[in-house]
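# Topology and contacts: notes
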Amino acid sequence: MSERILIVDDEPTVLLFCTRALARMGYEVQGASSGEEALALLGTEDYQVLVTDIAMPGMTGIELLSLARQRQPDLAVIVITGVGSIDLAIKALRGGAQDFLAKPFTPLELKSAVDHALSEAHLAQERARLQVILPLFELSKRPLEYVDLKSLYSEILDLATQQTRASSAALFSLSENGGAYLHLEASVGAEMDCGSACLALIRLAQERQEAFVLDLATAESLDIRFDMEARGVTELLCVPLQAPGRFVGALVLTKDAAQPSFHADDVSLVTILSTHVAGLVENARLVNKLEGLNRDLERRVAERTRALEEANQRLLRSERLATVGKLGAGIAHELRNPLAVINNSAYFLRTRLGDDDPKIARHLEIIEHEVQTANKIITDLMAFVRVTDLERAPVDVNALMLEALTKVEVPEQVHVETRLDETLLKPLVDADKLRQVLINLMNNAVQAMPDGGQMSLVSAQRNGDVFISVQDTGVGIEAQDLERVFEPLFTTKAKGIGLGLALVKLLVEAHQGEIDVASERGKGTVFTVRLPVHPVLD
Amino acid sequence: MNKLASKPAALLVVDDEEGMRTTLADILLECDFEVDVAEHGREAVDMASKKQYDVIVMDVRMPVMDGAQALRLMRERDPNIKVVMMSANIDAALDVRLRQCADRVMPKPLDMPELLRFIRQVLAQRMVAS
């Protein structure tokens with residue numbers, strides 16, 4: 001880039017001398033004969049160095065220095081002073097001039113001063129760029145997952161407004177998902193919204209694919225121009241945010257009448273910023289998406305884990321019971337043989353002695369009855385072994401309930417009531433096992449009513465499930481015992497070893513069903529079995 | 001009835017447990033049947049080949065030769081032989097073939113009136129046939 005120098009002196013000879021000398025040395029030089037003229041030139045063209053006489057009619061060099069700096073802070077300034085006006089030179093240096101030349105000076109002195117000022121200006125520029133890039137570098141080092149994006153965006157916008165002396169800045173993201181969704185990610189300075197003017201601006205950025213500056217004269221879109229006027233915006237700088245293969249939004253900086261126009265350096269600075277921001281916005285989008293996927297995955301993993309754990313628990317429980325059952329059944333089987341012998345002996349003795357002595361007959365009956373009771377326990381225990389071997393077929397549950405009732409010894413003082421749904425669907429169940437469930441529940445109900453009462457057998461259906469209830473008006477179960485009634489070997493009864501309900505639960509669960517119990521002390525108990533009509537079979 | 005009384009029915013009780021053999025035999029003797037006993041399947045098969053029994057009451061699980069095997073061998077020799085199988089473990093696991101092969105399968109402890117009813121029924125049918 002060729003260095004452009006603006007020389008201001010009201011003395012034409014000095015002006016001519018300087019312009020010629022510098023032009024010969026390869027610089028691009030422009031002369032101006034007054035501060036006013038120079039200021040006008042600075043407004044339209046880019047200059048790197050301003051060489052100005054201090055003492056001029058009208059605008060002095062000091063005044064020009066100050067105004068020019070406002071417009072272009074990185075402009076290198078050299079002042080020319082007359083003999084004996086060293087105080088003015090000091091004033092100029094304090095006002096921000098890089099160097100001064102005392103008249104008379106040689107072309108070489110001029111060149112040396114210009115070169116010096118230029119290198120200082122370069123250094124200052126480098127410093128300024130570093131100042132921008134360092135915070136950016138710091139920002140980019142932060143792990144994205146810990147970054148609060150909103151505040152990061154704000155930091156970047158702060159940086160952009162400071163460096164370009166803009167009055168406001170905003171970051172918009174655009175997501176296209178069946179339609180265009182413009183989102184204001186962050187803003188500093190004046191409020192911005194996602195109105196139609198904004199969308200038009202973002203579309204323009206998407207179209208142009210590079211940074212552009214619009215002022216009231218160059219804004220072609222009426223929407224945009226009216227919006228600028230309404231907000232008192234004189235100029236705006238819009239930079240598209242381009243992620244690899246995707247337009248993600250735009251950075252917009254605005255200026256009002258009080259601020260100097262955007263400079264080419266501003267554009268390149270914001271362009272640098274924009275690549276970083278585009279990466280951030282895109283990353284944020286991806287992180288969001290990833291988080292969404294993660295959450296979804298986590299939720300599904302959690303659900304699946306819970307289901308598996310439940311299934312595992314169920315399996316463990318039934319396996320443990322099956323193991324206990326197997327062991328028990330083995331022992332039970334061995335017990336049946338001696339029981340059979342005892343039974344035979346009792347029978348034999350009864351045929352020999354029973355008719356003679358009623359007391360002996362009574363005792364032999366007791367032996368036989370107890371043998372039956374012991375045998376019943378063995379049968380219950382052995383039922384645990386083959387719980388999961390189901391021979392499923394559609395079963396008329398109502399008929400099965402009535403059949404089970406015939407296998408239960410119902411004392412006279414217990415009244416049985418049935419409320420059966422005649423339209424009941426036939427669930428796919430193992431009839432033998434379900435009969436066992438029903439018999440056990442009915443036996444339980446009867447035993448809960450030693451002083452009589454009512455046993456209600458109810459069938460119903462709801463949502464593809466069959467519901468069977470066995471209700472009694474008996475003694476009820478204490479609340480603290482209620483959740484334990486299905487545990488094997490737990491019993492509140494004087495008789496029984498606590499296998500009946502455990503087996504019931506195991507059998508119901510083997511059918512992919514559920515069993516519930518509700519009870520009130522002194523009022524009675526109701527067991528409800530839910531069976532799916534169409535179970536999901538493995 | 002007189003004919004039956006003059007020629008008592010011959011029964012064979014097969015069980016590896018002495019208590020079972022003794023009690024069952026005593027009950028059947030009390031009913032005026034002629035009763036022999038065997039300790040396992042092999043012995044029972046031998047005895048059945050030498051003597052015609054009206055009914056054989058046999059345990060399933062025994063050493064040397066189990067009841068199922070003995071039943072098969074007896075049936076080969078005499079398809080019409082009447083056999084009641086006893087088992088302490090009657091459930092779905094019991095060999096289906098055994099159920100088809102035996103004339104009756106009864107769980108232990110035995111329902112004695114039921115067993116006696118069956119024996120008398122067999123004897124009555126045999127009498128009618130002859």
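Relevant structure appears above.
Residues numbered from 1 in each chain as written. Chains lettered and ligands numbered in written order. Predicted model: local features only at pLDDT ≥ 70, side-chain atom pairs only at ≥ 80, totals over all residues. Heavy atoms only, no water.

## Structural notes on the overall build of chain A
Rules: Strands are runs of DSSP state E lasting at least two residues, helices are runs of H or I lasting at least four, and both sets are numbered from the N terminus onward. Partly exposed residues are those whose accessible area sits between 20% and 50% of the maximum for their type, while under 20% is buried and over 50% is exposed, using a 1.4 Å probe and protein chains only. Any two residues whose heavy atoms approach within 4.5 Å are treated as being in contact. Note on areas: Shrake-Rupley with a 1.4 Å probe; residue coverage comes only from the protein chains shown.
Helices and strands together make up the secondary structure of chain A, namely 14 helices and 17 strands. Per-residue burial for chain A yields a buried fraction of 43% across its 538 residues. Pairs at least 24 residues apart make up 66% of the contacts formed inside chain A by residues separated by at least 6 positions. Total accessible area on chain A is roughly 28,400 Å²; 54% of this is exposed by carbon and sulfur atoms.

## Observations concerning helix H8 (residues 222-231) of chain A
Inclusion rule: N or O atoms within 3.5 Å of each other form a polar contact, as long as, within protein, one can give a hydrogen and the other can take it, and as long as residues adjacent in sequence are counted only when both atoms are side-chain atoms.
Where H8 of chain A starts, the residue carrying a side-chain oxygen 3.3 Å from the main-chain nitrogen of Asp-223 of chain A turns out to be Ser-221 of chain A. Looking one or two residues beyond H8 of chain A, the residue adopting positive phi is Gly-232 of chain A, at roughly 75 degrees.

## Regarding the nonpolar core
Residues and elements named next belong to chain A. We apply this condition: For our purposes a nonpolar core is just a set of buried Ala, Val, Leu, Ile, Met, Phe, Trp, Tyr and Cys residues, chained together by side-chain atoms within 4.5 Å.
The biggest cluster of nonpolar side chains holds 40 residues, and the ones touching the most others in it are Leu-441, Met-442 and Met-455. Broken down by secondary-structure element, the contributors of at least two residues to this core are helix H11 (397-406), helix H12 (431-447), strand E14 (453-462), strand E15 (465-472), helix H14 (500-510), strand E16 (514-520) and strand E17 (524-532). With 8 residues, H12 is the single largest residue contributor to this core.

## Here we look at the pattern of salt bridges
Residues and elements named next belong to chain A. To keep it simple, the criterion reads: Between Lys or Arg on one side and Asp or Glu on the other, a salt bridge is scored when a side-chain nitrogen of the former is within 4 Å of a carboxyl oxygen of the latter.
Scanning the model with the defined rule gives 34 salt bridges over all chains in all. Here Asp-9 makes a salt bridge to Lys-103, at a shortest N to O gap of 4.0 Å. Placement of Asp-9 in the loop between strand E1 (4-8) and helix H1 (12-24) and of Lys-103 in the loop between strand E5 (99-102) and helix H5 (107-141) is noted, with a sequence separation of 94 residues between them. Of the charged contacts in the structure, one is a salt bridge between Asp-227 and Arg-231, with a shortest N-O distance of 3.0 Å. Here Arg-231 and Asp-227 lie together in helix H8, a separation of 4 residues that amounts to about one turn. We classify Asp-227 as partly exposed; its relative accessible area is 27%. A single network of salt bridges, built from pairs that share partners, joins Asp-9, Glu-11, Asp-53 and Lys-103.

## A look at the side chain of Asp-99 of chain A
Residue and element names in this part refer to chain A. We apply this condition: His is not counted, nor are the chain ends; Lys and Arg add positive charge and Asp and Glu add negative charge.
Positionally, Asp-99 belongs in strand E5. Among buried charged residues, Asp-99 stands out as having no salt bridge; its nearest opposite-charge side chain is Arg-69, 12 Å away. Discounting chain neighbours no more than four positions away, the residues touching Asp-99 are Val-77, Ile-78, Val-79, Leu-93, Ala-113 and His-116.

## Some thoughts on the sheet that holds strand E3 (residues 49-53) of chain A
Residue and element names in this part refer to chain A. Here is the rule we go by: A pair of strands is labelled paired if DSSP reports no fewer than 2 bridges between them. In this analysis, axes come from line fits to C-alpha atoms, helices being fitted only over the stretch in contact, and the angle between any two N-to-C directions falls in the range 0 to 180 degrees.
An order of E2-E1-E3-E4-E5 is seen for the 5 strands of this open sheet, with the pairing classed as parallel. Two strands lie at the open edges of the sheet, namely strand E2 (28-32) and E5, each paired on one side alone. Between one strand and the next, the sheet's axes are offset by a mean angle of 20 degrees, whatever the strand orientation. By the bridge criterion, 5 bridges tie E1 to E2 in an arrangement that is parallel. Its bridge partner being in E2, Val-8 is matched across the sheet by Ala-32. Helix H2 (residues 35-44) contacts E1 and E2 of the sheet and is inclined by roughly 140 degrees relative to E2.

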